[in-house]
Amino acid sequence: MFFPILLFSLLTFTATIQAATFDILNQCGFPVWAAAVPAGGGRRLGPNESWRIDVPAGTARARIWGRTNCNFDGSGRGRCQTGDCNGQLVCTGYGQAPNTLAEFALNQFNNLDFVDISLVDGFNLPMDFSGCRGIRCTANINGQCLAELRAPGGCNNPCTVFKTDEFCCNSGNCSPTRFSRFFKERCPDAYSYPKDDPTSLFTCPGGTNYRVVFCPR
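Residues numbered from 1 in each chain as written. Predicted model: local features only at pLDDT ≥ 70, side-chain atom pairs only at ≥ 80, totals over all residues. Heavy atoms only, no water.

A. The pattern of salt bridges, seen in detail. By the definition in use, this model includes nine salt bridges. The partner of aspartate 121 in a salt bridge is arginine 63, and the shortest N-O contact between them spans 3.4 Å. Of this pair, aspartate 121 sits in the loop between β8 (112-118) and β9 (127-130) while arginine 63 sits in strand β5 (residues 62-72), placing them 58 residues apart in sequence. By the burial criterion, aspartate 121 is buried, and arginine 63 matches it. We note a salt bridge from arginine 79 to aspartate 84, for which the minimum N-O separation is 3.0 Å. What makes arginine 79 partly exposed here is its relative accessible area of 49%. On the accessibility criterion, aspartate 84 (4% relative accessible area) is buried. Beyond isolated ion pairs, a larger network of salt bridges with shared partners links Arg63, Glu103 and Asp121. (Salt bridge = Lys/Arg side-chain N within 4 Å of Asp/Glu carboxyl O. Helix = DSSP H or I, 4+ residues; strand = E, 2+ residues; numbered from the N terminus. Buried < 20%, exposed > 50% of the residue type's maximum accessible area, 1.4 Å probe, protein only.)

In structure tokens form, the structure reads like this:
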């Protein structure tokens with residue numbers, strides 16, 4: 001029994017050191033209902049409140065975002081003006097645009113984490129996403145939003161508004177547009193359209209811990 005137990009212990013230790021901790025902090029002057037999928041769910045954060053979640057090694061297609069102007073009842077049912085996830089306080093699915101996203105996939109090719117801030121679903125809150133490096137999107141996009149993209153509490157992505165392949169890139173063949181350039185000029189490190197990988201996707205070593213800040217100072 002010694003060797004199987006030892007092997008199990010080593011595997012458990014390896015998985016533990018490769019898991020990532022995410023500290024989510026609200027520096028806005030108002031409450032933000034943080035959301036994290038697939039690990040975490042959701043929680044209300046008052047100004048300067050934080051929430052720590054542990055994300056298992058190998059987690060992919062994951063995102064963290066902030067919801068605004070929410071109202072939930074005692075059972076955790078309600079609605080948010082931006083980022084709503086099917087009327088649930090504890091999210092199990094992605095949020096409704098517009099919402100600024102911190103996206104990540106842990107322990108992928110060569111045990112690297114892939115991380116980004118995405119405006120492909122629009123923008124609702126300034127964000128800082130840091131680990132081995134920092135990614136920021138802090139421009140006043142809501143205040144400067146193009147007329148065609150304006151939405152209550154945020155600035156929509158053009159796919160939500162126009163629903164065409166040019167903007168949604170369902171075929172996988174799309175290029176920058178005047179709308180994506182609006183976002184890119186203001187947040188150069190963030191995804192502005194679905195094929196914006198070369199300037200917007202970053203890597204960190206597996207096992208890196210991260211911090212997501214809403215309304216960073």
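B. Quick peek at the environment of leucine 149. By secondary structure assignment, the location of leucine 149 is in the loop between α2 (141-144) and β11 (150-151). Judged by relative accessible area, leucine 149 falls into the buried class, the value being 0%. Sequence-wise, leucine 149 and valine 161 are twelve residues apart; in three dimensions their C-alpha atoms are separated by 6.9 Å. Residue contacts for leucine 149: discarding those within four places in its chain leaves Cys155, Asn156, Asn157, Pro158, Val161, Phe162, Phe179 and Phe183. (Contact = heavy atoms within 4.5 Å.)

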